[in-house]
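Results of the structural survey
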Amino acid sequence: MKKTVLFLAMMITASTLTSVQAKDDKKKKKVITTEQVARPELKSTNDSLSYAAGMAATEGLMPYLNQQGVDSTTMKYFIESFKDALEKVDDPTYKAKMVGQQIAAMIKDRAFTFFSKDLQDTKDSLSLNMFKEGFVGVLNNDTTYFNAEKASKFFKSRKEAIVDAKNKIYKKENEDWLARNAKKEGMKTTASGLQYKVLVAGNGDVPTAKDKVTVKYEGRMIDGTVFDSSYKRNPQTTTFGCSDVIKGWTEALTMMPVGSKWEICIPQELAYGARQAGQIKPYSTLIFTVELVSIEKAKEEAKKTEATAKSKTVAGSKAKKNSK
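Residues numbered from 1 in each chain as written. Predicted model: local features only at pLDDT ≥ 70, side-chain atom pairs only at ≥ 80, totals over all residues. Heavy atoms only, no water.

Counting 27 residues, the largest nonpolar core has V215, W249, L253, I266, L286, F288 and V290 as the members making the most contacts within it. Among the secondary structure elements, those contributing two or more residues to this core are β3 (212-220), α9 (247-253), β6 (261-266) and β7 (286-296). In terms of residue count, β7 provides more of this core than any other element does, four residues in total. Each residue touching F288, except ones within four places of it in the same chain, is listed here: Y217, E218, G219, F227, W249, W262, E263, I264 and I266. Counting residues in each nonpolar core, the second largest holds six residues, with L65, V70, M75 and I79 among its members. (Core = buried A, V, L, I, M, F, W, Y, C linked by side-chain atoms within 4.5 Å. Buried < 20%, exposed > 50% of the residue type's maximum accessible area, 1.4 Å probe, protein only. Helix = DSSP H or I, 4+ residues; strand = E, 2+ residues; numbered from the N terminus. Contact = heavy atoms within 4.5 Å.)

Okay, structure coming up:
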């Protein structure tokens, strides 16, 4: 964030940050002593007004500085930098240096991490120093090794080959896991490849694809990583349409009676396939523990059920009347 924009942003968000600052100040009050900063002399009403306005502009600033790692031990350096920047902020040379610092932070914290992400767990990796040289090479119009377009194509092609190889290995691991899992006691496999094991047998109604269900669940991958769990939330239940979820969920739910608790193992073809879904990697088998709590029938089905119940009541009344 540009230093010239910082205080405008702080003023805009001051109302939302005031309570945070108040709590923080109670825990640890930041004090700038007269030894660190010379006390100015207020010689006029305008001096007093200006000084007060400057103090008011810091509302909500301290929590932000704390988040950036500035505390009482480094405050003097922040103040020195702030004063220097305020005097030079309109100078083109200083502006360029300041923007360079901002871009450097973005590169290190975001761009480098983003470009490195797909190379994790492979023999390939990125060097921050050479990343920097390539970045600067474009700015200097240096085409000794690549131009920007060729560099982009080279990196993209190499990255795709690396990702494809990594995904191929992971896909095979999941297929092998499913083959072993299918042989476990109590595990059943449907025609689509869905695997399930009945942990608790329910005896309630079975939902259709048009119904809504309320469930409790936990989802994990074959390495045991839990990526989602309703048990960690309050309430522990969640409600959705049977057809509003991945295919494997829909198939399993439309076989489960209310009151059931199943373990379902969903192959990637019935889950997210080759897509990345949050922390779920492409070609992942998804393993869920699911409890079906209740069903909310679709409106059309509810109307049919109601009409059937009424017709039975009418038929029963007529039969009773005729018997008299």
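So that's the structure; there's more coming.
Attention shifts here to the packing of aromatic side chains. Tallied over the entire structure, the rule returns 12 aromatic pairs. On the basis of an interplanar angle of 90 degrees and a centroid distance of 5.3 Å, the ring pair of F112 and F131 is categorised as edge-to-face. On the criterion of sequence distance, the pair formed by F112 in helix α6 (residues 92-117) and F131 in helix α7 (residues 128-139) is long-range, its members being 19 residues apart. Of the aromatic side chains, those joined through ring pairs into one cluster are F112, F114, F115, F131 and F155. Between K281 and the ring centre of Y170, over which it is positioned, the NZ or CZ distance is 4.2 Å. (Phe/Tyr/Trp six-rings, centres within 6.5 Å; stacked < 30°, edge-to-face > 60°. Lys NZ or Arg CZ within 6 Å of the ring centre and 35° of its normal.)

Right, let's talk about the side chain of S230 for a bit. Position of S230 among the secondary structure elements: in the loop between β4 (226-229) and β5 (238-241). The class for S230 is buried, based on a relative accessible area of 1%. Beyond its immediate stretch of four places on either side in the chain, S230 contacts V215, K216, Y217, P235 and Q236.

All right, on to unusual backbone geometry then. Residue P235 is reached from N234 by a cis peptide bond, and omega for that bond is 5 degrees. Mapped onto the elements, P235 comes out in the loop between β4 and β5. A positive phi angle is found at D121, which is not glycine, with a value near 65 degrees. Along the chain, D121 turns up in the loop between α6 and α7. The class of D121 is exposed, set by a relative accessible area of 77%. Of note, the phi angle at Y283 is positive, near 70 degrees, even though the residue is not glycine. Within the secondary structure, Y283 is located in the loop between β6 and β7.

It is worth spelling out the pairing of strand β2 (residues 195-200) at this point. Within a regular strand, the side chains alternate between the two sheet faces. Here two bridges tie strand β1 (residues 188-189) to β2, and the two strands are oriented antiparallel to one another. Looking across to β2, one finds that K188 is bridged to Y196. Counted between consecutive antiparallel strands, the loop separating β1 from β2 contains five residues, among which G193 sits at a positive phi close to 105 degrees. As defined by bridge partners, β2 adjoins β6 across five bridges and the pair is classed as antiparallel. Residue pairing across strands places V198 opposite W262, the latter belonging to β6. (Pairing = 2+ DSSP bridges.)

Here we take up the pattern of salt bridges. Applying the stated criterion to the full structure yields nine salt bridges. For D211, the salt bridge is made with K297, and the minimal N-O distance between the two is 3.3 Å. On the criterion of sequence distance, the pair formed by D211 in the loop between β2 and β3 and K297 in the loop between β7 and α10 (299-323) is long-range, its members being 86 residues apart. (Salt bridge = Lys/Arg side-chain N within 4 Å of Asp/Glu carboxyl O.)

Let us now look at α7. With 12 residues, α7 ought to run about 16 Å at 1.5 Å a step, and its terminal C-alpha atoms sit 17 Å apart, in line with that. Positive phi appears at N141, one or two residues downstream of α7, with a value of about 55 degrees. (Expected span 1.5 Å × (residues − 1).)

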